[in-house]
Amino acid sequence: MKGRRQQSPMKTSNLILLALGVFALGFIVAMTVIFCVKGAVPDTLIQYTLGAGGVEALLLAGIKISKVKAGDKPGESEDTYE
């Protein structure tokens, strides 16, 4: 079709960030419901779950920074998900 741009496949890092965001949103909603029903929240579970998500985000940022410093062009050697 003329004039229509082809959609590029989703990058692996974007897919991981999307999954991480969906999980975090679901987790926060579940903890809110538990708080409303039980009147208490499992603080340790929240700390470790969101901490693991933060570590994952830091690792992805480190990979991106190392690629920029190495001079790789965005998306040049990154796996894609079609």
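Residues numbered from 1 in each chain as written. Predicted model: local features only at pLDDT ≥ 70, side-chain atom pairs only at ≥ 80, totals over all residues. Heavy atoms only, no water.

1. A few points about a nonpolar patch on the surface
Now for step 1: Side chains of Leu25, Val29, Val33 and Val37 sit close together on the surface and give an oily, nonpolar patch of about 390 Å² of accessible area.
Now for step 2: Mapping valine 33 onto the fold places it in helix H1 (residues 12-38).
Now for step 3: The partly exposed category is assigned to valine 33, whose relative accessible area is 46%. (Patch = residues over 30% accessible without salt bridge, like charges linked within 9 Å, V, L, I, M, F, W, Y side chains within 5 Å. Areas by Shrake-Rupley, 256 points an atom, 1.4 Å probe, with all protein chains shown as cover. Salt bridge = Lys/Arg side-chain N within 4 Å of Asp/Glu carboxyl O. Helix = DSSP H or I, 4+ residues; strand = E, 2+ residues; numbered from the N terminus. Buried < 20%, exposed > 50% of the residue type's maximum accessible area, 1.4 Å probe, protein only.)

2. Notes on helix H2 (residues 43-70)
Now for step 1: End to end, H2 covers 40 Å across 28 residues, agreeing with the expected 40 Å (1.5 Å per residue, within 8%).
Now for step 2: Buried residues of H2: Thr49, Gly53 and Leu60, and no others.
Now for step 3: Packed against the buried residues of H2 are H1.
Now for step 4: A positive phi of about 90° marks glycine 71, the residue just after H2. (Expected span 1.5 Å × (residues − 1). Contact = heavy atoms within 4.5 Å.)

3. With respect to the packing of H1 against H2
Now for step 1: Taken N-terminus to C-terminus, the directions of H1 and H2 make an angle of 165°; their axes are 11 Å apart at the nearest point. As the angle between them shows, H1 and H2 are arranged roughly antiparallel. Crossing angle aside, the handedness with which H1 passes H2 is left-handed. Contacts between H1 and H2 involve Ser13, Ile16, Leu17, Leu20, Phe23, Phe27 and Met31 from the former and Leu45, Ile46, Thr49, Leu50, Gly53, Glu56, Ala57 and Leu60 from the latter.
Now for step 2: Residues that form the contact of H1 with H2 fall into these classes: 11 nonpolar, three polar and one charged. (Axes fitted to C-alpha atoms, helices over the stretch in contact; angles between N-to-C directions. Parallel < 35°, antiparallel > 145°, perpendicular 65-115°, else oblique. Left-handed = near helix turned anticlockwise from the far one by under 90°. Nonpolar A, V, L, I, M, F, W, Y, C, P; charged D, E, K, R; others polar.)

4. Some points on H1
Now for step 1: A rise of 1.5 Å per residue sets the reference length of H1, with its 27 residues, at 39 Å; its end C-alpha atoms lie 38 Å apart and thus fit the reference within 8%.
Now for step 2: Positive backbone phi, approximately 85°, marks glycine 39, located one or two places after H1.

5. Overview of the packing of aromatic side chains
Now for step 1: Under the counting rule described, the total for this entry stands at one aromatic pair.
Now for step 2: A centroid spacing of 6.1 Å and a plane angle of 25° characterise the contact between phenylalanine 23 and phenylalanine 27, whose relative ring orientation is stacked. One end of the pair is phenylalanine 23 and the other is phenylalanine 27, both in helix H1 and four residues apart, which spans about a single turn.
Now for step 3: Judged by its relative accessible area of 11%, phenylalanine 27 is buried. (Phe/Tyr/Trp six-rings, centres within 6.5 Å; stacked < 30°, edge-to-face > 60°.)

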